[in-house]
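# A structural walkthrough
Take a look at the letters that make up each chain.
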Amino acid sequence: MKILVPVKRVIDYNVKVRVKGDGTGVDLANVKMSMNPFDEVALEEAIRLKEAEQADEVIAVSIGVQKAQETLRTALALGADRGILVVAADDVHNDIEPLAVARILKAIVDEEQPNLVLAGKQAIDNDMNATGQMLAALLGWSQATFASELSVKDEHAVVTREVDGGLQTIRVKLPTIVTVDLRLNEPRYASLPNIIKAKRKPLEERTAADMNIDVDPRLEILSTTEPATRTAGIRVNSVDELVEKLKETGAL
Amino acid sequence: MAVLLLAEITNGELSLDATAKAVSASRELGEITVLAVGAECADAASQAAAIENVTKVLCAEDSLYGKRLAEPTSMLIASLAQDYDHIVAPATTDAKNIMPRVAALLDAMVISDVSAVIDHETFERLIYAGNAVQTVKSRDAKKVITFRTSTFDAAGSGGRATVEDIAVSDNPQLSEWVEDKLASSDRPELTSAGIVVSGGRGIGSEENFALVEKLADKLGAAVGASRAAVDSGYAPNDWQVGQTGKVVAPDLYIAIGISGAIQHLAGMKDSKTIVAINKDEEAPIFQVADFGLVADLFQAIPELTDKLD
Ligand SMILES: Cc1cc2nc3c(=O)[nH]c(=O)nc-3n(C[C@H](O)[C@H](O)[C@H](O)COP(=O)(O)OP(=O)(O)OC[C@H]3O[C@@H](n4cnc5c(N)ncnc54)[C@H](O)[C@@H]3O)c2cc1C
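Read on for a plain summary of the structure. Residue numbers here run from 1 along each chain, matching the order of that chain's written sequence. Chains carry letters and ligands carry numbers; both start at the beginning, A for chains and 1 for ligands, and go up in the order they are written. In keeping with the model being predicted, local features are shown solely for residues with a pLDDT of at least 70 and side-chain atom pairs are shown and tallied solely at 80 or more, while totals for entire chains, interfaces and linings include all residues.

### Some details on the overall build of chain B
- Segments assigned H or I by DSSP are reported as helices when at least four residues long, segments assigned E as strands when at least two residues long, and all are numbered from the N terminus. Of regular secondary structure, chain B possesses 8 helices and 17 strands.
- The globule rule used for comparison is 2.2 Å times the number of residues to the exponent 0.38, while the radius of gyration itself is calculated over C-alpha atoms. Taken over C-alpha atoms, the radius of gyration comes to 20 Å for chain B, in line with the 19 Å a tight globule of 309 residues would show.
- The C-alpha extent of chain B, read off along each of the three principal axes, is 60 × 40 × 40 Å.
- Residue burial in chain B is summarised as follows: out of 309 residues, 59% are buried.
- Once C-beta atoms have been placed from the backbone, residue pairs whose C-beta atoms lie within 7 Å are recorded as contacts. Put simply, 67% of the contacts in chain B that link residues at least 6 apart link residues at least 24 apart. As a rule, residues whose C-beta atom has 12 or fewer other C-beta atoms within 10 Å are exposed, those with 20 or more are buried, and those in between are partly exposed; C-beta atoms are placed from the backbone.

Written out as structure tokens, the structure reads:
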């Protein structure tokens, strides 16, 4: 079984996000970038399936700026066998929409013929939660989103999904797309020898233009602004004072 | 302009709150047709017909839709799309599963988790865990949208829409339902409760979480949790509040033993009044709290629960 894992280079989740004063976006120049945390979980699951000898190859794909190559090197250091970089933007501020990403991934799936695509359920930058579902639609494949448990048997995957009311388990036909939630596993760290070894693993590079895929956004961004901020209120010194204040302000 | 709105239905039961909030979000977009989908959905359909501003309800009843699996449900919605300019739903996990698939079938970019409608093609949404607000204008012929329910008031009742049964589409036979593990509770729902009491890692164990629940029950509140509390097994996944959990905006949110990571704030910072109880006076949660109490929760919570008699 071949597994494809899309990995996105995003602002590190620990970095404080700053909105640019001119309203054109979030400042990404000179900030720490990392692999989207949900994609780390997807990749970890793929590697575990390979270690359990249920998969023979794990291919990581990243779509974005040239520098996404670093994210792919990380994926290779973690255990992916090879990487495919699709350069689709010159400027890191130019986020490629999930629909365009899904179209690029579809072209790669058509070539590589994986049985399973394991993707993060959302990217922590645009918070769209869409790429996996869109790719499934374009391919006409089954989908299992928000996975917190996964097992693959013969021609099916059984997936437990985190839903509003609790958990739902479904069985989907392979080939399939599973999007993962954070509780599926705890990703490993890359060891130094593996980081060095990763430098020799194959990393193919192409561009969206070469693939003839239009990545023009469908959603024109008119502005990006700071959300309304809350200011800290007061400190109360006791439970009694808390109850009193809550009653005074009508909150209770 | 015409809107097709996917009603939130679980096992035949309409979630009136989520559906009515999506109706009020869509009010300016055009005439609203609600789509009720389920193995049984006649009751849900007639309930949806009574929501103010709904003109028509379409009812697609078939065992195929019992668990609203994404593949058949999105096929059905796409097959109805030609008559509508906007295809919308409340941003529940169910709709987040289905709507991007619908959008891709219609060659449109889904607009997820919209928090404000500017006009029929311009919308606001939060990005970066709520750290920035983006205004986007869709160039797509059909707009596929999910609405963040916490920012819209529910539409009222008193509507008298007509209900029409519609033909179902084929079964693509790609997926099947195995089982649900859904919690049933007498407490109000997290996303519509007036008061939410949430516990974090500071609670320390599943047993100790009873302290949070007792306080919540005293207040008639829903119970929430941080991701750390859920990951540690103190609380079930459906209680998680935050970037990857539920987004809530109750009148009163009480955060206990929660540090206030940005990913947690993303799910609760629009609450009207925020109370934080934490033993660390430097905890970032205090920066968004209206009332902060620096205290050991094991003393403060029982005391607070007692004093609410
Ligand atoms: C991609 C991503 C998505 C995420 N999504 C979410 C999400 O949706 N929701 C979410 O909540 N988190 C989310 N997180 C996790 C988030 O970053 C934090 O790790 C998490 O919110 C911390 O939970 P906590 O505040 O309970 O735990 P901690 O940060 O460990 O805080 C525990 C707090 O309890 C206090 N405390 C301990 N003992 C006591 C006591 N006896 N009395 C009083 N106070 C006490 C401590 O002072 C501390 O402030 C996400 C993270 C990532 C990377």
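### Some remarks on the site of the ligand
- Inspection of the region around the ligand gives 30 residues, with G200, G202, R227, A228 and G242 of chain B positioned closest.
- Each residue receives a C-beta atom built from its backbone; the residue is near a molecule or strand if that atom lies within 6 Å of it. In this structure, the ligand is bordered by residues of chains A and B.
- Considering each element in turn, the shell around the ligand owes the most residues, 3 residues, to helix α6 (residues 227–231) of chain B.
- Here the residues of the shell around the ligand sort into 11 nonpolar, 14 polar and 5 charged. Polar here means any residue other than Ala, Val, Leu, Ile, Met, Phe, Trp, Tyr, Cys and Pro, which are nonpolar, and Asp, Glu, Lys and Arg, which are charged; Gly is therefore polar.

### A closer look at the packing of helix α5 (residues 209–219) of chain B against helix α8 (residues 297–307) of chain B
Residue and element names in this part refer to chain B.
- One way to put it is that α5 packs onto α8 with a least axis distance of 9 Å and a crossing angle of 20°. The pairing of α5 with α8 is recorded here as roughly parallel in orientation. The element α5 and its partner α8 pack so that their crossing is left-handed. For the pair α5 and α8, contact is made by L211, K214, L215 and K218 and by I301, P302, L304 and T305, respectively. Axes here refer to lines fitted to C-alpha atoms; in helices the fit is confined to the stretch in contact. Angles between the N-to-C directions go from 0 to 180 degrees. Each angle receives one of four descriptions, namely roughly parallel if under 35 degrees, roughly antiparallel if over 145, roughly perpendicular if within 65 to 115, and oblique otherwise. In a left-handed crossing the near helix is turned counterclockwise from the far helix by less than a right angle, and in a right-handed crossing that turn is clockwise.

### As for helix α3 (residues 98–112) of chain A
- Given the number of residues in a helix, its expected span is that number minus one, multiplied by 1.5 Å. The first and last C-alpha atoms of α3 of chain A sit 20 Å apart over 15 residues, in line with the 21 Å expected at 1.5 Å per residue.
- Those residues of α3 of chain A that fall on the buried side of the exposure criterion are P98, L99, A100, V101, A102, R103, I104, L105, I108 and V109 of chain A.
- Here the buried face of α3 of chain A lies against β1 (2–6), β4 (57–64), β5 (82–87), β6 (116–120) and α4 (131–139) of chain A together with α4 (93–105) of chain B.
- Looking one or two residues beyond α3 of chain A, the residue adopting positive phi is Q113 of chain A, at roughly 50°.

### Regarding the interface of chain B and chain A
- Between chain B and chain A, the residue contacts involve 70 residues of the former and 64 residues of the latter.
- Counting residues per element, the side of chain B that touches chain A draws most heavily on α4 of chain B, which supplies 9 residues.
- Looking at the side of chain B that touches chain A residue by residue, the class counts come to 33 nonpolar, 18 polar and 19 charged.
- Following DSSP output, two strands are said to pair if at least two bridges run between them. Examined bridge by bridge, strand β12 (residues 219–225) of chain A and strand β9 (residues 132–138) of chain B share 6 bridges and lie antiparallel to one another. In the strand pairing of β9 of chain B, T224 of chain A is matched with Q134 of chain B.

### Some words on the sheet that holds strand β15 (residues 252–256) of chain B
- Judged by pairing direction, the sheet is parallel, and its 6 strands sit side by side in the order β13(A)-β17(B)-β16(B)-β15(B)-β13(B)-β14(B) without closing on themselves. Each edge of the sheet is formed by a strand with only one pairing partner; in this case those strands are β13 (234–236) of chain A together with β14 (222–225) of chain B. For this sheet, the mean angle separating the axes of adjacent strands, direction not counted, is 20°.
- Pairing of β15 of chain B with strand β16 (residues 273–278) of chain B involves 5 bridges; the strand directions are parallel. Within β16 of chain B, the residue paired with I256 of chain B across the bridge is I277 of chain B.
- Of the strands in this sheet, β13 of chain A together with β16 and β17 (291–294) of chain B are in contact with helix α6 (residues 239–248) of chain A, which crosses β17 of chain B at around 170°.

### Side note on the environment of I213 of chain A
All names here are of chain A.
- Residue placement: I213 occurs in the loop between β11 (203–207) and β12.
- Through-space distance from the C-alpha of I213 to that of R103 is 7.3 Å; in sequence the pair is 110 residues apart.
- Residues within four places of I213 in sequence aside, it is in contact with A100, R103, I104, A107 and A208.

### A short note on α5 of chain B
All names here are of chain B.
- For α5, the set of buried residues is L211, V212, L215 and A216. Angularly, the buried residues of α5 cover 135° about the axis, an arc narrow enough to put them on a single face.
- Against β13 (195–199), β14, β15 and α8 lie the buried residues of α5.
- Looking one or two residues past α5, G220 carries a phi angle of roughly 65°, positive in sign. It is the directions from the helix axis to the C-beta atoms that the arc portrays.

### Describing the pairing of β9 of chain B
- Here β9 of chain B shows a clear split, with A132, Q134, V136 and S138 of chain B buried on one side and none of V133, T135 and K137 of chain B buried on the other.
- Turn length for the strand β8 (residues 122–127) of chain B-β9 of chain B hairpin, with the two strands adjacent in sequence and antiparallel, is 4 residues, and the turn residue Y128 of chain B shows positive phi of about 50°.

### Quick notes on the environment of V15 of chain A
- Relative to the helices and strands, V15 of chain A resides in the loop between β2 (9–11) and β3 (33–35).
- Beyond its immediate stretch of four places on either side in the chain, V15 of chain A contacts V31 and K32 of chain A.

### Let's talk about the sheet that holds strand β10 (residues 143–147) of chain B
- One open sheet accounts for 10 strands, arranged β12(A)-β9(B)-β8(B)-β7(B)-β10(B)-β6(B)-β1(B)-β4(B)-β5(B)-β11(B); its pairing is mixed. Strand pairing shows two members of the sheet lacking a second neighbour, β12 of chain A together with β11 (162–165) of chain B, which therefore form its edges. On average, each strand axis in the sheet is tilted by 35° relative to the strand beside it, whichever way the strands run.
- Two strands pair when backbone bridges link them, and strand β7 (residues 111–119) of chain B and β8 of chain B are joined in this way by 4 bridges, in the antiparallel orientation. Residue V114 of chain B lies in a different strand from β8 of chain B, and its bridge partner there is R125 of chain B.
- Helix α1 (residues 16–26) of chain B contacts β1 (2–6), β4 (31–38), β5 (54–61), β6 (86–90), β7 and β10 of chain B of the sheet and is inclined by roughly 140° relative to β6 of chain B.
- Taken strand by strand, α4 of chain B contacts β1, β6 and β10 of chain B, and its axis lies near 170° from that of β10 of chain B.

### Brief notes about the environment of E226 of chain A
- Considering the arrangement of structural elements, one finds E226 of chain A in the loop between β12 and β13.
- Taking the C-alpha atoms as reference points, E226 of chain A and V101 of chain A, separated by 125 residues in sequence, lie 27 Å from one another.

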